[in-house]
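Here is how the chains run, residue by residue.
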Amino acid sequence: MKQQIQYCTTSDGVRIAYAATGEGSPIVRTSLWLTHLQHDFTEPVWRHVMLGLARNHRFVRYDPRGEGMSQREVAEISFEGWMRDLEAVVDALGLQRFALFGCSQGVATAIAYAVRHPERVSHLILYGGFARGHLKRGGDQAAIRKGLDLAKELILQGWGRKHAAHRQWFTSAFLPEGSADQYRWFNRLQKISASPEVAARRVETVAGIDVSALLPKVKAPTLVLHCRDDEVAPFAVGEELAASIPGAKLVPLEGENHLFLPDSPAHRDFIHAVYEFLGDPPPRGHLPGTRTFWERIDHRIRSTEQNWLIKAALLIGAAIGLVLSIAQIVQAIG
């Protein structure tokens, strides 16, 4: 799918880059950490989600202030600033009513916007998010503060370095089930999406988010999706969203990844749940952004260690499986 990147300006004078892809009723994705309009449509962590949502809809996304293709040098990184980013994009596109998709840290922004502008939000889709940041969830605040300071120090010391050791710490948390290729790309995305200073300011700001008081005020039909074993945003914080938003439906997804990957059960369950929620026809065949059966076999072979015996065994096994399948079909027909 093609995209055209455009720019708008927020009420406080920040330049925001945005893009729309696909045709149909609009879905707007709120901003979140680690995006870059020029790259995230062609790489393996975001591509399958965006292609799936753009299949039947006009899918709108943007880079937040200080990140991606938006204005990098900004005075304010704040929750209210992110709200102004979203409002500027919606106004620039002239959208009167649309579905709002919040993911991870963008869930809180989606909730706040839906409460402030109920007339514009037709559906609210919340994935892997929370109403309260780490500093607002109670518990051992000293330990939480220490962990937050450690994360910020890792960012400031290693975010922009050529070697990815510091960034890998975050990648392992977000994609514990990821492949080597997905690790490499996510490490790269961290480096190109934001400067170390902006990334550290974002981490601090997110930790202080608290929109829990707004949850009972949400009027839009709401779908909450959350991976059961997500360690970045525990399943309990997703349950809090669904329990506190009137009429919200909770769909548990299987897996440990904070950002589910293509060809995973969570991916198919997510797409089926969202399509049903929006009234779209159910998907058939392999999902957008995923591999066909033979492409999956080829990927497994290419991902295997560079050992020709293993590759040969995989090819022979696939060929035998195909022959047996054909034989069964012929027998059944006969």
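Just so it is clear, the structure is predicted and the values come from calculations on it, not from any experiment.

Rules of the game
- In this convention, every chain numbers its residues from 1, walking through the sequence in written order.
- Only residues with pLDDT of at least 70 get local features here, since the model is predicted, and only at 80 or more are side-chain atom pairs given and counted; chain-wide, interface and lining totals rely on the full set of residues.
- Only hydrogens and water are removed before side-chain values are computed, so all heavy atoms of the structure are retained for them.
- What counts as a helix is a DSSP run of H or I of at least four residues, what counts as a strand is a run of E of at least two, and both are numbered from the N terminus.
- Relative accessibility thresholds used throughout: buried, under 20% of the residue-type maximum; exposed, over 50%; partly exposed, between the two (1.4 Å probe, protein chains only).
- Note on contacts: a residue pair is in contact if any heavy atoms of the two residues lie within 4.5 Å.
- Note on areas: Shrake-Rupley with a 1.4 Å probe; residue coverage comes only from the protein chains shown.
- What pLDDT conveys is the predictor's confidence in a given residue, as a value from 0 to 100.
- Two cysteine sulfur atoms make up a disulfide if the distance between them is within 2.5 Å.
- Note on aromatic pairs: the rings of Phe, Tyr and Trp (six-membered ring only in Trp) are paired at centre separations within 6.5 Å, and the planes decide the class, stacked below 30 degrees, edge-to-face beyond 60, tilted for the rest.
- Placement of a charge over a ring requires the Lys NZ or Arg CZ to be within 6 Å of the ring centre, with the centre-to-atom vector within 35 degrees of the ring normal.
- Cavities and pockets are defined on a 1 Å grid built over the protein atoms alone: a cavity is a set of grid points where a 1.4 Å probe fits but cannot escape, while a pocket is an open set with protein on both sides within 12 Å along at least five of seven lines, and lining residues are those with an atom within 4 Å of any such point.
- Grid points are joined across faces, edges and corners, and a volume is the space filled by probe spheres set on the points.
- We call Asp, Glu, Lys and Arg charged. Ala, Val, Leu, Ile, Met, Phe, Trp, Tyr, Cys and Pro are nonpolar, and the rest, Gly among them, are polar.
- The set of buried Ala, Val, Leu, Ile, Met, Phe, Trp, Tyr and Cys residues whose side-chain atoms join them within 4.5 Å is what this entry labels a nonpolar core.

Draft legend 1. Representation of the overall build of the chain. Counting its secondary structure elements, the chain contains 11 helices and 8 strands. Here the chain holds 334 residues, and the buried ones make up 49% of them. Residue pairs in contact within the chain that sit at least 24 positions apart in sequence constitute 71% of those at least 6 positions apart. Here the chain has roughly 15500 Å² of accessible surface; of this, 55% comes from carbon and sulfur atoms.

Draft legend 2. Quick look at the confidence of the model for the chain. Residues at a pLDDT of 70 or more form 86% of the chain, whose mean pLDDT is 86. For the stretch residues 292–300, pLDDT sits under 50, and the model shows 9 contacts to residues farther than four places along the chain or on other chains.

Draft legend 3. Highlighting the state of the cysteines. Applying the stated rule across the entire model yields 0 disulfides. Here Cys103 is not disulfide-linked; the sulfur of Cys227 is the nearest cysteine sulfur, at 9.9 Å. When its relative accessible area of 1% is taken as the criterion, Cys103 is described as buried.

Draft legend 4. Summary view of the packing of aromatic side chains. This model, assessed by the stated rule, comprises 10 aromatic pairs. Pairing Phe101 with Phe270 gives two aromatic rings, centres 6.1 Å apart and planes at 55 degrees, and the pair type is tilted. Residue Phe101 is located in strand β5 (residues 98–103), and its partner Phe270 is located in helix α9 (residues 265–278); the two are separated by 169 residues in the primary sequence. Judged on exposure class, the residue Phe101 and its partner Phe270 are both buried. Judged by centre distance (5.2 Å) and plane angle (80 degrees), the rings of Tyr127 and Phe260 are edge-to-face. In this pair, Tyr127 is assigned in strand β6 (residues 121–127) and Phe260 in the loop between β8 (249–253) and α9, connecting sequence segments 133 residues apart. Judged on exposure class, the residue Tyr127 and its partner Phe260 are both buried. Three or more aromatic residues link up through ring pairs in this structure, and these residues are Trp33, Trp159, Phe170, Phe174 and Phe186. Positioned above the aromatic ring of Trp46 is the side chain of Arg29, whose terminal nitrogen or guanidinium carbon lies 5.1 Å from the ring centre.

Draft legend 5. Just empty space enclosed by the protein, in detail. Enumeration over the complete set of coordinates arrives at 3 cavities of 30 Å³ or more. Of the voids in this model, the largest cavity is the one considered here, and its volume is about 60 Å³. The wall of the largest cavity is formed by Leu32, Trp33, Leu34, Trp46, Ser104, Gln105, Phe174, Phe186 and Leu259. In terms of residue class, the lining of the largest cavity is made up of 7 nonpolar, 2 polar and no charged. Counted as a void, the second largest cavity has a volume near 50 Å³. Contributing to the lining of the second largest cavity are Val45, Trp46, Val49, Phe101, Cys103, Tyr127, Leu259, Phe260 and Phe270.

Draft legend 6. How the structure looks around the environment of Ala92. Following the sequence through the fold, Ala92 ends up in helix α2 (residues 79–93). Considering only alpha carbons, one finds Ala92 and Cys8, 84 residues apart in sequence, at a separation of 6.4 Å. Those residues in contact with Ala92 that sit more than four places away from it in its chain are Cys8 and Tyr18.

Draft legend 7. Region of the structure containing the nonpolar core. Ranked by size, the top nonpolar core spans 49 residues in total, and within it Trp33, Phe101, Tyr127, Phe186, Leu225 and Phe270 carry the most contacts. Residue contributions to this core peak at 7 residues, all from α9. Setting aside chain neighbours within four positions, we find Phe186 in contact with Leu34, Val45, Thr171, Phe174, Leu175 and Leu259.

Draft legend 8. Structural detail: the environment of Arg202. Along the chain, Arg202 falls in helix α7 (residues 196–207). In this structure Arg202 comes out as buried when scored by relative accessible area, which is 2%. Excluding residues within four positions of it along the chain, Arg202 makes contact with Ser31, Leu32, Trp33, Pro64, Glu67, Ile77, Trp82 and Gln105.

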